[in-house]
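# Breakdown of the fold
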Amino acid sequence: MSMISWNDFEAVELRIGTILRVEDFPKAKKPAYQLWIDFGPELGEKRSSAQITVHYTKEELVGKQVIAVTNFPPRQIANFFSEVLVTGFPDADGAIVLTQPERPVPNGTRLM
């Protein structure tokens, strides 16, 4: 494990957002969804591609709060621009389990 400085940590913007819309992403190389996430008045709505199809249906994701890195540059994945990186942990089989707050917090709140 390599150590980072406090300044390195402060440079990463981890914020909470609520998933508004989910669509299948058939052009992705690995099974994924396209997500539209509300990050509140400061950041607004952002898009993300997420490989979370094993544990989550499109219907159950709508309205769910997730934690995302919001200060990466946009990345093109097939014909879609992913603007934020939704965070999660791999389970024992490697499928992603989303990182979520234990209770609702305002969209756009930054992790401290």
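Residues numbered from 1 in each chain as written. Predicted model: local features only at pLDDT ≥ 70, side-chain atom pairs only at ≥ 80, totals over all residues. Heavy atoms only, no water.

As recorded by an unreviewed UniProt entry, the chain carries the name tRNA-binding protein and is attributed to Siphonobacter curvatus.

Phi angles above zero are rare outside glycine, and A78 is one such case at about 55°. Its place among the elements puts A78 in the loop between β5 (75-77) and β6 (80-82). By relative accessible area, which is 37% here, A78 ends up partly exposed. (Helix = DSSP H or I, 4+ residues; strand = E, 2+ residues; numbered from the N terminus. Buried < 20%, exposed > 50% of the residue type's maximum accessible area, 1.4 Å probe, protein only.)

Attention now moves to the side chain of Q34. Within the secondary structure layout, Q34 lies in strand β2 (residues 33-38). Its relative accessible area of 9% is what places Q34 among the buried residues. Setting aside chain neighbours within four positions, we find Q34 in contact with R21, V22, E23, D24, F25, S48 and F80. (Contact = heavy atoms within 4.5 Å.)

So, about the pattern of salt bridges. Within this structure, the stated rule accounts for 6 salt bridges. For E42, the salt bridge identified is with R15, shortest N-O distance 3.9 Å. Of the two residues, E42 is situated in helix α2 (residues 40-43) and R15 in strand β1 (residues 14-24); the sequence distance between them amounts to 27 residues. Judged by relative accessible area, which is 63%, E42 ranks as exposed. The partner of D24 in a salt bridge is K58, and the shortest N-O contact between them spans 3.1 Å. With D24 in strand β1 and K58 in helix α3 (residues 58-61), this residue pair connects regions lying 34 residues apart in the sequence. Overall, the relative accessible area of 44% leaves D24 in the partly exposed class. Linked by salt bridges that have partners in common, E13, R15 and E42 make up one network. (Salt bridge = Lys/Arg side-chain N within 4 Å of Asp/Glu carboxyl O.)

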